[in-house]
Amino acid sequence: HQSLVGPLLYLLAFTALTAPRASFGQFYLPLVAVYYASGGIGYIVSIVSEPEVSQLIGVISVFSFAMFSGGLPVLVQLKTRLPPFSYIEYISFMRYGLEAFYVAEAQHWTQVVELMG
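The paragraphs below set out a description of the structure included in this document. Please read all numbers here as calculations on a predicted model, not as lab measurements. (Residues numbered from 1 in each chain as written. Predicted model: local features only at pLDDT ≥ 70, side-chain atom pairs only at ≥ 80, totals over all residues. Heavy atoms only, no water.)

1. A word on the overall build of the chain
And step 1. Within the chain, the secondary structure is distributed over 8 helices and 0 strands.
And step 2. Listing each helix as α and each strand as β along the chain from the N terminus yields α-α-α-α-α-α-α-α.
And step 3. Residues classed as buried in the chain amount to 24% of the 117 residues present.
And step 4. Here the analysis covers contacts within the chain between residues at least 6 apart in sequence; of these, 52% occur between residues at least 24 apart.
And step 5. Summing over all exposed atoms, the chain offers an accessible surface of approximately 8,200 Å²; the carbon and sulfur share of this is 72%.
And step 6. In the chain, the 4 positive side-chain charges and the 6 negative ones have mean positions that sit 11 Å from each other. (Helix = DSSP H or I, 4+ residues; strand = E, 2+ residues; numbered from the N terminus. Buried < 20%, exposed > 50% of the residue type's maximum accessible area, 1.4 Å probe, protein only. Contact = heavy atoms within 4.5 Å. Areas by Shrake-Rupley, 256 points an atom, 1.4 Å probe, with all protein chains shown as cover. Lys, Arg positive; Asp, Glu negative; His and termini not counted. Charge placed at Lys NZ, Arg CZ, Asp CG, Glu CD.)

2. With respect to the pattern of salt bridges
And step 1. All chains considered together, the criterion is met by 3 salt bridges.
And step 2. Among the salt bridges present, the one from lysine 79 reaches glutamate 89, with a minimum N-O distance of 3.4 Å. In this pair, lysine 79 sits in helix α4 (residues 75-79) while glutamate 89 sits in helix α6 (residues 88-91), placing the two residues 10 residues apart along the sequence.
And step 3. Its relative accessible area of 0% is what places glutamate 89 among the buried residues.
And step 4. Notably, a salt bridge pairs arginine 95 with glutamate 99, separated by 3.5 Å at the nearest N-O pair. In this pair, arginine 95 and glutamate 99 both sit in helix α7 (residues 93-106), 4 residues apart, roughly one turn of the helix.
And step 5. Classification of arginine 95 as buried rests on a relative accessible area of 11%.
And step 6. Ionic contacts of the salt-bridge type, sharing partners, join the residues Lys79, Glu89, Arg95 and Glu99 into one network. (Salt bridge = Lys/Arg side-chain N within 4 Å of Asp/Glu carboxyl O.)

3. Some details on the packing of aromatic side chains
And step 1. Scanning the entire structure with this criterion turns up 5 aromatic pairs.
And step 2. An angle of 65 degrees between the planes, with centres 5.3 Å apart, marks the rings of phenylalanine 65 and phenylalanine 93 as edge-to-face. Linking phenylalanine 65 in helix α3 (residues 54-67) with phenylalanine 93 in helix α7, this pair joins segments that are 28 residues apart in sequence.
And step 3. Phenylalanine 65 sits in the buried class, given a relative accessible area of 14%.
And step 4. Look at phenylalanine 93 and you get buried, because its relative accessible area is 12%.
And step 5. Members of the aromatic cluster, joined through ring pairs, are Tyr10, Phe14, Phe27 and Phe101.
And step 6. Over the face of the ring belonging to tryptophan 109 we find arginine 21, whose NZ or CZ atom lies 3.9 Å from the ring centre. (Phe/Tyr/Trp six-rings, centres within 6.5 Å; stacked < 30°, edge-to-face > 60°. Lys NZ or Arg CZ within 6 Å of the ring centre and 35° of its normal.)

Take a look at the structure:
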């Protein structure tokens, strides 16, 4: 099934290029969830928009969700924005995937955090 193989292939390449401390499953489950959520966004965009511009709107919506996911600028900086922009982070599916990655990785860095104070 493509919905399970796509995240698997991405994760295999990701773990080959980096050295994550979290387990394979802790990264795989959020990736599958983001895959399903982005597929749903794609279906919504294709239904709502005209066929000529649906691909453009899909790309813009995914980049907008990525921009407000909390990676950069961080979530604290996003909360200081004007009201329409300060609430987009709550509907961004990428925010929750990124947060799952941070939590999974941070659980294995407790000794380093304790040394930092």
